[in-house]
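Chain and residue survey
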There are 2 protein chains.
Amino acid sequence: MGFIEILGLIAGICTSSAIIPQIITTIKRKKAKDVSVFMFVVLSTGNSLWIYYGVEKSDMPIIATNILALSLNVVMIVLKYNYRKAKS
Amino acid sequence: MGFIEILGLIAGICTSSAIIPQIITTIKRKKAKDVSVFMFVVLSTGNSLWIYYGVEKSDMPIIATNILALSLNVVMIVLKYNYRKAKS
């Protein structure tokens, strides 16, 4: 794996893991009122398309990091749904 | 521009513009308490690295959409800072 692939993985880890503080904040506060579920649905759609794009271009950094991002975004959607249910 | 490049642009527009609902919510509520500024700094770092990665790989969808994402993330950081200053 060359320097550029490593750089792509670091970039992808940044853009994917950036959601983790938001997940932690949501779990701590047991509240997700300010969090827009539409945003995470659109993000997950984008991640899925990027995975397809990465496979077509055999671009490992794009594939790996968007699989990570997709999983984290799905976690956020589940949390948002959970805390909305918990309130009602 | 081939099908795959168009797909990459759509993917990038999804992952970049997903932040727009969060920006609108923040402007409407004039509040960004639940929004983690650390997340947007990490996202912006990732976008910058992806732009470098895209340039090295001459991958237009990656370059174009991460420039869009970087601008939107910077807007979010400015809003977060504005509404924090407005409260103090």
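Residues numbered from 1 in each chain as written. Chains lettered and ligands numbered in written order. Predicted model: local features only at pLDDT ≥ 70, side-chain atom pairs only at ≥ 80, totals over all residues. Heavy atoms only, no water.

**Considerations on the packing of helix α1 (residues 3–17) of chain A against helix α3 (residues 37–56) of chain B**
The N-to-C vectors of α1(A) and α3(B) enclose an angle of 150°; their axes lie 7 Å apart at closest approach. Considered as vectors, α1(A) and α3(B) are oriented roughly antiparallel to each other. α3(B) is crossed by α1(A), and the crossing has left-handed handedness. The residues of α3(B) that touch α1(A), namely those facing F3(A), I4(A), E5(A), L7(A), G8(A), I10(A), A11(A), G12(A), C14(A) and T15(A), are V42(B), L43(B), T45(B), G46(B), N47(B), L49(B), W50(B), Y52(B), Y53(B) and E56(B). (Axes fitted to C-alpha atoms, helices over the stretch in contact; angles between N-to-C directions. Helix = DSSP H or I, 4+ residues; strand = E, 2+ residues; numbered from the N terminus. Parallel < 35°, antiparallel > 145°, perpendicular 65-115°, else oblique. Left-handed = near helix turned anticlockwise from the far one by under 90°. Contact = heavy atoms within 4.5 Å.)

**Concerning the UniProt feature "transmembrane region" (unreviewed entry) in chain A**
Residue and element names in this part refer to chain A. Residues given the UniProt feature "transmembrane region" (unreviewed entry) here are residues 6–25, 37–55 and 61–79. Taken end to end, residues 6–25 is 95% helix and 0% strand, and its first and last C-alpha atoms sit 29 Å apart. Taken end to end, residues 37–55 is 100% helix and 0% strand, and its first and last C-alpha atoms sit 27 Å apart. (UniProt positions renumbered as here; feature names shortened; annotations may be inferred.)

**Structural notes on the nonpolar core**
Counting 28 residues, the largest nonpolar core has M39(A), F40(A), M39(B) and F40(B) as its most contacted members. Elements with a minimum of two residues in this core: α2 (19–29), α3 (37–56) and α4 (60–87) of chain A together with α3 and α4 (60–87) of chain B. Once you skip the residues sitting within four places of it in the chain, M39(A) turns out to touch A18(B), I19(B), P21(B), Q22(B) and M39(B). Ranked by size, the runner-up nonpolar core spans 12 residues in total, among them I4(A), L7(B), A11(B) and W50(B). (Core = buried A, V, L, I, M, F, W, Y, C linked by side-chain atoms within 4.5 Å. Buried < 20%, exposed > 50% of the residue type's maximum accessible area, 1.4 Å probe, protein only.)

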